[in-house]
Amino acid sequence: MRVLVVEDELYLAEAIRDGLRLEAIAADIAGDGDTALELLSVNAYDIIVLDRDIPGPSGDEIAKSVVASGSGMPILMLTAADRLDDKASGFELGADDYLTKPFALRELVLRLRALDRRRAHNRPPVREIAGLRVDPFRREVYRDGRYVALTRKQFAVLEVLVAAEGGVLSAEELLERAWDENADPFTNAVRITVSALRKRLGEPWIIATVAGAGYRIDTASSHVDTASSRGEGDRG
């Protein structure tokens, strides 16, 4: 999941971003409306966390823009105002959820995961593919009934690959979906993470490397040519 946090209180924005990263949620931050609109124009986000009271175009204007775009991206509004009228006006603008400051980070994470589940209502909350069982809410992974312990980043990458349902994702796409805007596009982070993830999941290798294209979950069968897959793993 990749989230845009629009919040003009820098320390709060950074705390939210860092906290979300610990939950394997990639997050970018924007401190004003103009920056938010710019980031929305160049990046694909799953959810926007939007403070209503920000410099430049207000949070309300950003919400209107998101709704008008037809993207269907959920909006979680943040505000210090807790009056019912304020919440009602936010929902009328298109907000999908509302969180009043101050709030617990854990509650924000739970609300984000609930919004993501609703956004992807056509997919089961627990995803199963080629012997893999991925529970994004408990952050648990099983392969053929065997529990697999993953790091937060490995889980984030696997979640993106599983959601593609066997489709090929380039390293750039994985970098965009599982990391955030501060990730170096020239880094080997994707190759290193995929290689480590492949080893954690065990043989036969289930993450296939498609030469010149990227990576995918092998859905053709539970059997993979381990020799060739091992070679692919060595090349990233």
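Note that the structure is a prediction, hence the values are computed from the model and not measured.

About the cut-offs
Starting from 1, residues in each chain are numbered consecutively following that chain's sequence as written. This being a predicted model, a pLDDT of at least 70 is required before a residue's local features are given, and a value of 80 or more before pairs of side-chain atoms are given or counted; all residues contribute to the totals for chains, interfaces and linings. Each side-chain value is worked out from all heavy atoms of the structure, with water and hydrogens disregarded. We count a stretch as a helix when DSSP gives it H or I for four or more residues in a row; a strand needs E for two or more, and each element gets its number in order from the N terminus. Each residue's exposure class comes from its accessible area (1.4 Å probe, protein chains only) as a fraction of the maximum for that residue type: buried when under 20%, exposed when over 50%, partly exposed otherwise. Computed with the Shrake-Rupley method and a 1.4 Å probe, the accessible areas treat only the protein chains shown as cover for residues. The term nonpolar core refers to a set of buried residues drawn from Ala, Val, Leu, Ile, Met, Phe, Trp, Tyr and Cys, joined through side-chain atoms within 4.5 Å. Two residues qualify as a contact provided that any one of their heavy atoms is within 4.5 Å of a heavy atom in the partner residue. UniProt positions are given in the numbering used here, feature names are shortened, and annotations may be inferred rather than shown by experiment.

Peer 1: Can you tell me about the overall build of the protein, naming the residues and giving the values?
Peer 2: Along the backbone of the protein there are nine helices and eleven strands. Out of the 236 residues in the protein, the part that is buried amounts to 47%. Roughly 11500 Å² of accessible area belongs to the protein as shown, and the carbon and sulfur atoms make up 49% of that amount.

Peer 1: I'd love a proper account of the nonpolar core, names of residues and values included.
Peer 2: Core analysis: the largest hydrophobic core is formed by 28 residues, its most contacted members being L132, V141, L158, L174, L201, I207 and I217. Counting only elements with at least two residues in this core, the list comes to β7 (132-135), α6 (152-163), α7 (171-178), α8 (189-201) and β11 (214-217). L132 has contacts with R127, V141, Y142, R143, L158, V162, L201, I206 and I217, leaving out every residue within four places of it along the chain. L20, A27, I29 and L78 belong to the second largest nonpolar core, which has 19 residues in total.

Peer 1: Tell me what's going on with the UniProt feature "modified residue: 4-aspartylphosphate" (unreviewed entry) in the protein, and back it up with residues and numbers.
Peer 2: Here the UniProt-annotated "modified residue: 4-aspartylphosphate" (unreviewed entry) positions come out as D51. Structurally, D51 is set in strand β3 (residues 47-51). Under the relative-accessibility criterion, D51 is labelled buried at 4%. Beyond its immediate chain neighbours, meaning those up to four positions away, D51 contacts V6, E7, D8, G59, L78 and K101.

Peer 1: Run through the side chain of T209, naming residues and quoting values.
Peer 2: Mapped onto the elements of the fold, T209 is located in strand β10 (residues 207-210). When its relative accessible area of 17% is taken as the criterion, T209 is described as buried.

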